[in-house]
Structure formats: structure tokens, C-alpha cells
Amino acid sequence: MQAEPLSTDLLIVGAGLAGLTAASHLDDGRSITILDKGRSVGGRLATRRIGDAVLDHGAQFFTVRSDSFRAAVDRWILDGVVEEWCRGFDEADGYPRYRTAGGMNRLAKHVAAHLTDRVTIHTSHRVERIAPGAAGWSVEAAGQRWLADDVLVTSPVPQTVEMLTAGGIGVPDSVASLQYHAVVGLLATLDRSPGLPSPGAIQQPHDPEFTFIADNQAKGISPTPAITFHGAHAWSAAVYDRPDDELLSVLLDRAAPYLGDAEIVEAQVKKWRYTGPVTPHPDRTVVIADEPGRLALAGDAFGGPKVEGAFLSGLAAATSLH
Ligand SMILES: Cc1cc2nc3c(=O)[nH]c(=O)nc-3n(C[C@H](O)[C@H](O)[C@H](O)COP(=O)(O)OP(=O)(O)OC[C@H]3O[C@@H](n4cnc5c(N)ncnc54)[C@H](O)[C@@H]3O)c2cc1C
């Protein structure tokens, strides 16, 4: 551990949409440090390259219900980052589904690129412990220590509980009891289009195996044919702990009927332990301590799930930390 702690006015754990949104709405002169364990920003706004192919493997699209998210999405559309993908999958229902040009992760990078120079982001920094100290919160990550006046934690709740428990901080039961769905997915590059129906995706919420299947080329984010499969929650939970090679052969077998004449070039398993909350906490943000400064929690498990929920939770956290 480095001897001299670094100091910051506000420390945010997590550079997913909730953490980035909070930072972008706290432009009040304070210094902000964001720590994320991932190699890049975005969290579940996740896009992977396999060869020349580009595949969204976390969030696939998003919808807009609130005025504040509407305003942000309109801005991102003007910036050329977000585009309408379609108005429904099986049949059009009139509600726009949005995609990000180049893949969902680009949205996080776009928000991060527009933060002021008072915000510093460190990726590949896993926060191990948050503890109260005499002069503020002590946050330990990657062999360094930060002293922060206020802290906002936006990681999925089980990960948040780990870092707070390590620092001797109790988490209210209403938060600690929040549970998440797991998803097991398959990413595959193909030698030709799988010929999925327009708009290049199948959504089947009640299917026992795959609930969403997307052709990333038809979606407009991949220059070459590449397909993403997301497993149903119950099925994913049942097979989650099986070894990857075993899962890959099961997934390939079940994926085959959706590939048309296409052959798989390369395939990978992708597991998400924390896809989204089973039942979100009723509040968009929760302040769990006021001393030695504020310690707030946010993320898509607070107030409402999905991309919009993460945005609105980040916004609520920014308001409560002003
Ligand atoms: C498979 C899948 C499909 C989905 N499909 C959709 C969809 O189609 N539409 C939709 O709207 N939503 C979808 N979602 C949900 C959506 O992606 C999330 O709701 C949203 O991205 C969550 O944002 P967040 O900022 O709350 O959390 P995250 O994006 O998870 O950000 C939290 C960050 O905390 C970091 N972190 C965790 N622990 C630590 C630690 N100890 N130290 C430092 N950093 C840490 C993580 O690396 C992460 O970057 C999907 C999610 C998944 C996984």
C-alpha cells in the first residue's frame, strides 16, 4: 500500500452508466475520482471485438420512458452516438429501441469523454475496502489509498457489500438483500449472415433457453457477421457453474437452429453473474452514512432496472450529493 494517500472531494466506485452520469451532473467545482475494476469504462454497456467483428454482449438496446433520459438520449442522437434501431422485434409496437453506433460501450466512452478535467478515471482499479477515517472515507484499490470527503458506490450490490463489509460498514437489509439475475451467453462470428428476421434480432421472453438473439451486423454495429445469444434467467442460473468448455458445447448445440446456412468461425461463452436486479430497491439512491462524509449507493438496482434505470439512479445520486 502506498504510504501517502491521494485525496479527492468525491470518489465514485464504478464507471458504468450510473457512475458516469453522476460524475457528469456534479460539475460543481469538486474534484472527482472514479475507480473501476474493468479494463475500460462502461460496465454492462459492453462490446467485444472478435477478429473484425463487433458484438454487444451486455445491454443490447435501450428504451426511453422518462423526460430526463429523453433529454440525454436526444443529445446523444445529435452527437451521432445513439440511433433508433427499431420499434419492436416480433411485431412493431411503436416504441423506439435505441442502439449505439459502433456498439453499446461507445456510449459510456462518449459520456466519459465529455466529463470536465476535474474528473479523473482510473480503470483496472478494483476497490477492495471502503472504511471511515478521521479525515474522510478511506478507499483502497490497486495498492493505493484515497481519502475522500464523499463516496458514491455504483457497483452491483453484492460487490458493494463486499467492499463495505471489508471496511466494517454495515449495509441496511433492504439493500443487502437485493438479488440479481444471471445470464449465460454465446458470442459467435459467422461466415455469412444467419438471416434472422428484420430488424436482425429475436426477442422471446418466455423461451426456456434463449430470450434474445441479435445479429450484430444487421443491427449495424459489426462489419462482419456476428451473433449474440442471451440465455433465459432460470436456465442461466441452472448451468452457470458448469465449466466453460462444457457450456460452449451445450450453447452451440442449442444455437444451431438459429444460424440458417451460416457456419461458426469462432465462438465464446460470456457469463454475467449480475445482469439486472430481480426486484429493484424502491429508491433511486440510498445514503447509508453521513459521517465522516456522505456514503451513497446507486446503480440499476435502485429505483428501476436497465440502462434507463442506471442513468436515472446516477442522476438522483448527483442531486443527493450536491
Ligand atoms: C447480458 C445483459 C443484457 C442486458 N440487456 C439490456 C437491454 O437490452 N436493455 C437495457 O436497458 N439494459 C440491459 N441490460 C442492463 C444494463 O446493461 C444495466 O442495467 C446497466 O448498464 C447498469 O449500469 P450501472 O452503471 O448501474 O452498472 P454497471 O454497468 O455494472 O457498472 C458498475 C461498474 O462497477 C464496477 N465495479 C464492480 N465492482 C467493483 C470494484 N470492486 N471496484 C471497482 N469497480 C467495480 C464494474 O466494473 C462496472 O463497470 C443488460 C445487462 C446484461 C448484463
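Before reading on, note that the structure itself is shown above.
In this text the structure is predicted, and so the values were computed from the model without any measurement.

**A few points about the pairing of strand β13 (residues 210–215)**
Next, step 1: Of all 6 residues that make up β13, 6 are buried, and the element is covered over most of its length.
Next, step 2: Bridging between strand β12 (residues 201–203) and β13 involves 3 bridges; their strand directions are antiparallel. The residue of β13 that forms the bridge with Ile 202 is Ile 213.
Next, step 3: Between β12 and the antiparallel strand that follows it, β13, lie 6 residues.
Next, step 4: Across 5 bridges, the pairing between β13 and strand β14 (residues 226–231) is antiparallel. By the bridge assignment, Phe 210 is partnered in β14 with Gly 231.

**Focus: the nonpolar core**
Next, step 1: With 41 residues, the main nonpolar core has Leu 20, Ile 34, Phe 62 and Trp 76 as its most contacted residues.
Next, step 2: Mapped onto this core, the elements with two or more residues apiece are β1 (6–13), α1 (17–24), β2 (32–35), α2 (67–78), α3 (105–113) and α9 (306–321).
Next, step 3: When residues of this core are assigned to their parent elements, the largest contribution, 8 residues, is made by α9.
Next, step 4: Not counting chain neighbours up to four residues away, the residues in contact with Ile 34 comprise Ile 12, Gly 14, Ala 15, Gly 19, Leu 20, Ala 23, Leu 115, Val 119, Thr 120, Ile 121 and His 122.

**Structural notes on the environment of Leu 115**
Next, step 1: Residue placement: Leu 115 occurs in the loop between α3 and β7 (119–122).
Next, step 2: Judged by its relative accessible area of 13%, Leu 115 is buried.
Next, step 3: Between the alpha carbons of Leu 115 and His 57 there is a distance of 25 Å; along the sequence they are 58 residues apart.
Next, step 4: Sequence-distant contacts of Leu 115, that is, excluding residues within four places in its chain, are made with Leu 20, Ala 23, Ser 24, Ile 34 and Ile 121.

**Side note on the sheet that holds β14**
Next, step 1: With antiparallel pairing, 5 strands are arranged side by side in an open sheet as β12-β13-β14-β11-β15. Either end of the sheet is taken by a strand with one partner, and the two such strands are β12 and β15 (264–277). Across the sheet, the axes of successive neighbouring strands diverge by a mean angle of 15°, strand direction being ignored.
Next, step 2: Bridge count between strand β11 (residues 180–190) and β15: 10 bridges; the pairing is antiparallel. The residue of β15 that forms the bridge with Leu 187 is Gln 268.

**A short note on the site of the ligand**
Next, step 1: Lining the immediate environment of the ligand, one finds 33 residues, of which Asp 36, Arg 44, Phe 61, Val 127 and Asp 300 sit closest.
Next, step 2: Note that an oxygen atom of the ligand is positioned 2.6 Å from one of the side-chain N or O atoms of Asp 36.
Next, step 3: A distance of 2.8 Å separates a nitrogen atom of the ligand from a polar backbone atom of Val 127.
Next, step 4: When isolated, the ligand has an accessible area of 1000 Å², and the protein chains bury 93% of it.
Next, step 5: Contributions of two or more residues to the shell around the ligand are made by α1, α4 (157–166), β15 and α9.

Calculation rules
Residues numbered from 1 in each chain as written. Predicted model: local features only at pLDDT ≥ 70, side-chain atom pairs only at ≥ 80, totals over all residues. Heavy atoms only, no water. Buried < 20%, exposed > 50% of the residue type's maximum accessible area, 1.4 Å probe, protein only. Helix = DSSP H or I, 4+ residues; strand = E, 2+ residues; numbered from the N terminus. Pairing = 2+ DSSP bridges. Core = buried A, V, L, I, M, F, W, Y, C linked by side-chain atoms within 4.5 Å. Contact = heavy atoms within 4.5 Å. Axes fitted to C-alpha atoms, helices over the stretch in contact; angles between N-to-C directions. Near = heavy atom within 4 Å. Polar contact = N/O pair within 3.5 Å; in protein donor to acceptor, adjacent residues only side chain to side chain. Areas by Shrake-Rupley, 256 points an atom, 1.4 Å probe, with all protein chains shown as cover.

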